[in-house]
Amino acid sequence: MTLFLPPKRPILLHIPKTGGTWLNDMIRTQNPVLRKLRLRRLSHDYTLDEIDAQFGPETRFGFVFRDPVARLHSAFDSRRNCSQPTRYIPWREAEVRCFSTFETFDAFARAFDGRDPQRAEQAALALKAVRHFYRGYVHYFGSAERLSVASHRIVMCLNTSNLSSHLEEVAKAYRLPAFKQTKTARSHSSANFRTPLTPEGRDILAAQLPEEYELYRLCQQLEMRLHLGVLDDTGDETRKASSP
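Residues numbered from 1 in each chain as written. Predicted model: local features only at pLDDT ≥ 70, side-chain atom pairs only at ≥ 80, totals over all residues. Heavy atoms only, no water.

1. Considering the packing of helix α5 (residues 93–101) against helix α7 (residues 117–129)
Geometry of a packed helix pair, given as the angle between the helix axes and the separation of the axes.
And step 1. Running from amino to carboxyl end, α5 crosses α7 at an angle of 140°, the nearest separation of the two axes being 10 Å. Between α5 and α7, the angle falls in the class oblique. Remark: the crossing between α5 and α7 carries left-handed chirality. On the side of α5, the interface is formed by A94, R97, C98 and T101, while α7 contributes R119, Q122, L125, A126 and A129. (Axes fitted to C-alpha atoms, helices over the stretch in contact; angles between N-to-C directions. Helix = DSSP H or I, 4+ residues; strand = E, 2+ residues; numbered from the N terminus. Parallel < 35°, antiparallel > 145°, perpendicular 65-115°, else oblique. Left-handed = near helix turned anticlockwise from the far one by under 90°. Contact = heavy atoms within 4.5 Å.)

Put into C-alpha cells, the structure is as follows:
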C-alpha cells in the first residue's frame with residue numbers, strides 16, 4: 001500500500017509593520033478547519049533560516065513587504081505610542097533611550113547626517129537594538145542572494161500598498177475561499193499619531209539601508225512575477241519608492 005502524505009502547509013511569514021496583523025485577522029474570518037489545513041501562520045520570531053530548520057528547506061512561504069523607510073517610520077510611531085491603540089506594550093530599555101532622544105521620526109532620520117556624532121551614534125544604536133527596527137528584510141532573509149535562491153518556494157509576495165485591494169492573490173496562494181471584507185480586522189497603523197518625515201530625512205536614512213533596499217527591490221520583482229496585473233494601478237507609485 002502506498003501511503004498518501006499531504007503536502008506541507010505553506011507558511012505565512014510575519015515581518016513587523018507590513019500589515020501582517022490586519023492580514024492575520026482577515027484570515028481568521030475564514031473557516032477555522034480549512035485555514036488550519038491550508039496554511040501555517042507564524043509570529044515575528046521566525047526567520048527564513050528558522051523556517052528551514054524547523055519545517056524543512058523546501059517549505060513554501062509567503063509574506064508582505066513595504067518600503068524600508070516607510071516600515072521604519074511606522075515602527076517608530078507605533079512603538080513611540082507603545083503599540084496603541086490595538087494593544088499596550090511598555091517601552092523596553094532600548095526604546096526608552098531612543099524615544100527620550102528623538103521626538104520625531106524625522107529627527108531620528110536626520111541624526112544619521114553625522115553633524116552631531118553623539119546623536120548619530122544613538123540613532124545607529126537604536127537601529128540595531130529596537131526590535132521592530134532591526135527586524136527588517138536582512139534579519140528575516142539574510143541577503144538578496146539567499147532570498148533569490150529560495151524564490152521558487154514563495155507562494156505570495158505582496159507590497160503593503162497592494163494588500164487590501166488584492167486579497168484574491170492571498171486566497172489563491174493559500175487555496176482559500178474569497179475573502180469577505182470586515183471592519184473588525186485590526187491595524188497597528190500609526191496614522192493618527194504620526195510624526196513627520198521630510199524628504200531630506202528620508203534620503204539620509206535610506207542611504208543607511210543599502211541591503212534593505214536591495215532586498216526590497218528583489219521583493220518588488222518577485223511581486224511582479226508572482227502576481228501579474230497587481231501593479232497595473234499602483235505600480236508607478238510603488239516603483240518611486242524602490243530606490244534610496
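2. A few points about the sheet that holds strand β4 (residues 154–159)
And step 1. Taken together, the four strands give an open sheet; going across it, the order is β2-β1-β3-β4, and neighbouring strands pair in parallel fashion. Since the sheet does not close on itself, it has two edges, and those belong to β2 (40–41) and β4, each with one partner.
And step 2. Two elements, strand β1 (residues 11–12) and β2, share two bridges in a ladder whose sense is parallel. Within β2, the position partnered with L12 by the bridge is R41. (Pairing = 2+ DSSP bridges.)

3. Quick word on the nonpolar core
And step 1. If you look at the biggest cluster of nonpolar residues, it comprises 45 residues, and the most contacted ones within it are F61, F63, F108, F133, F141, L147 and L205.
And step 2. Sort the elements by how many residues they give to this core and helix α14 (residues 210–226) lands first, with six residues.
And step 3. Counting residues in hydrophobic clusters, the runner-up holds 19 residues, among them M26, I27, A173 and V230. (Core = buried A, V, L, I, M, F, W, Y, C linked by side-chain atoms within 4.5 Å. Buried < 20%, exposed > 50% of the residue type's maximum accessible area, 1.4 Å probe, protein only.)

4. What to know about the pairing of β4
And step 1. In terms of residue burial, β4 counts as a mostly covered element, since six of its six residues are buried.
And step 2. Sheet analysis places strand β3 (residues 61–65) next to β4, joined by five bridges and oriented parallel. Pairing of F63 across the sheet is with C157, part of β4.

5. A closer look at helix α1 (residues 20–28)
And step 1. Most of α1 is tucked away, with eight of its nine residues classed as buried.
And step 2. Residues of α1 that are buried: G20, T21, W22, L23, N24, D25, M26 and I27.

6. Regarding the pairing of β3
And step 1. For β3, the buried fraction is high: five of the five residues fall into the buried class.
And step 2. Residues F61, F63 and F65 line one face of β3 and the alternating positions G62 and V64 line the opposite face, and both faces are buried.
And step 3. By the bridge criterion, two bridges tie β1 to β3 in an arrangement that is parallel. Counted as the bridge partner of I11 is F61 from β3.

7. So, unusual backbone geometry
And step 1. Even without being a glycine, K17 presents a positive backbone phi close to 65°.
And step 2. Turning to its location among the elements, K17 is positioned in the loop between β1 and α1.
And step 3. Of note in this structure, C82 is not a glycine but carries a positive phi near 55°.
And step 4. Looking at the element boundaries, C82 is found in the loop between α4 (68–80) and α5.
And step 5. When its relative accessible area of 11% is taken as the criterion, C82 is described as buried.

8. Looking at the pattern of salt bridges
And step 1. This model, assessed by the stated rule, comprises 13 salt bridges.
And step 2. Between D25 and R28 there is a salt bridge, with the nearest N and O atoms lying 2.3 Å from each other. Taken together, the positions of D25 and R28, both in helix α1 and three residues apart, correspond to about one turn of that helix.
And step 3. Of the residues examined, D25 reaches a relative accessible area of 10% and is grouped as buried.
And step 4. Classification of R28 by relative accessible area gives partly exposed; the value is 42%.
And step 5. Residues participating in the shared-partner salt-bridge network are D49, D52, R146 and R153. (Salt bridge = Lys/Arg side-chain N within 4 Å of Asp/Glu carboxyl O.)

9. Description of the side chain of D52
And step 1. Within the secondary structure, D52 is located in helix α3 (residues 48–55).
And step 2. Only 2.6 Å separates the side chain of D52 from the side chain of R153, close enough to count as a polar contact.
And step 3. Leaving out residues up to four positions away in the same chain, D52 has contacts with P57, R146 and R153. (Polar contact = N/O pair within 3.5 Å; in protein donor to acceptor, adjacent residues only side chain to side chain.)

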